[in-house]
Amino acid sequence: MAECACNCGEDELTKQLDKIIDPYRGQPGGLIQVLTKSQELIGYLPKWVQVRIAEGLGVSLQEVYGVVTFYAFFSLIPRGRHKLSVCAGTACYVKGMKTLIKSLRDVIGVKPGQTTPDSRFTLEIVRCIGACGLAPAMIVDGKDVHGRIEPEQIPEILEQYA
Ligand code: FES
């Protein structure tokens, strides 16, 4: 089992998960809602969580896994407190997205798709975020757009996200 971000014990985590499942018990139609709330609680959806959800809702583990892997929103691996999403759209690609990724890797020490050991950042590559005029661009936590990023600006940008 995984540890909760709030450092509660596994039993407590399971109790909280069951509270999410309970209103949907035996109702396969609640799968997406339960997965969403479970990921909010735990940060990702490891196998033991999928098994508990499958049993609670009365669906197969394969069905749960199929939904988790179909939607990019769901994650099978632990995510950091802050999500760094670097745009790989055409404008950003042309304007130095590769250099931006390399610089971020140098600073935080992980590759796209990975999370830093201190769970502070998850680095990922996304498609156009609608800020092409600011290429190369990155969006943090799905809301803060940083544009025309020069490698030397990266430490200062990341300092904003404890
Ligand atoms: S291509 Fe990067 S924001 Fe559009």
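So, here is what we can say about the structure in this document. Fair warning: this is a prediction, and the values are worked out from it, not measured in the lab. (Residues numbered from 1 in each chain as written. Predicted model: local features only at pLDDT ≥ 70, side-chain atom pairs only at ≥ 80, totals over all residues.)

Side note on the nonpolar core
Then step 1. In terms of nonpolar packing, the biggest core is built from 15 residues, with Leu84, Val86, Cys87, Leu100, Leu104, Ala137 and Met138 touching the most fellow members.
Then step 2. Put simply, the parts of the chain that give this core at least two residues each are strand E1 (82-87), helix H6 (97-108) and strand E2 (121-126).
Then step 3. When residues of this core are assigned to their parent elements, the largest contribution, 4 residues, is made by H6.
Then step 4. Not counting chain neighbours up to four residues away, the residues in contact with Val86 comprise Met97, Leu100, Ile101, Leu104, Ile125 and Met138.
Then step 5. By size, the runner-up hydrophobic cluster in this structure holds 13 residues, among which are Ile21, Leu35, Ile42 and Val68. (Core = buried A, V, L, I, M, F, W, Y, C linked by C-beta atoms within 7 Å. Buried ≥ 20, exposed ≤ 12 C-beta atoms within 10 Å, placed from the backbone. Helix = DSSP H or I, 4+ residues; strand = E, 2+ residues; numbered from the N terminus. Contact = placed C-beta atoms within 7 Å.)

Focus: the environment of Gly56
Then step 1. Assignment of secondary structure puts Gly56 in helix H3 (residues 47-57).
Then step 2. Placed 42 residues apart in sequence, Gly56 and Thr14 show a C-alpha to C-alpha distance of 12 Å.
Then step 3. With sequence-adjacent residues up to four places away left out, Gly56 is seen in contact with Ile21 and Arg25.

Description of H6
Then step 1. Over its 12 residues, H6 runs 16 Å from end to end, which matches the ideal 16 Å to within 8%, given 1.5 Å per residue.
Then step 2. Considered for burial, the residues of H6 that qualify are Met97, Leu100, Leu104 and Ile108. Each buried residue of H6 lies within a common arc of 55° when the element is viewed along its axis, so the set occupies one face. Set apart from the buried face of H6 by more than 90 degrees, the exposed residues are Lys98, Lys102 and Asp106.
Then step 3. Buried residues belonging to H6 abut E1, helix H5 (90-94), E2, strand E3 (138-140) and helix H7 (154-159).
Then step 4. Phi for Gly109, located one or two positions after H6, is positive at around 80°. (Expected span 1.5 Å × (residues − 1). Arc of directions from axis to C-beta.)

Regarding the packing of helix H2 (residues 31-42) against H3
Then step 1. The interhelical angle for the contact between H2 and H3, taken along N-to-C directions, is 145°, at an axis separation of 11 Å. With respect to the hand of their crossing, H2 and H3 are arranged in right-handed fashion. For the pair H2 and H3, contact is made by Leu31, Val34, Leu35, Ser38 and Ile42 and by Val49, Ile53 and Leu57, respectively.
Then step 2. Its residues placed into classes, the contact of H2 with H3 shows 7 nonpolar, 1 polar and no charged. (Axes fitted to C-alpha atoms, helices over the stretch in contact; angles between N-to-C directions. Left-handed = near helix turned anticlockwise from the far one by under 90°. Nonpolar A, V, L, I, M, F, W, Y, C, P; charged D, E, K, R; others polar.)

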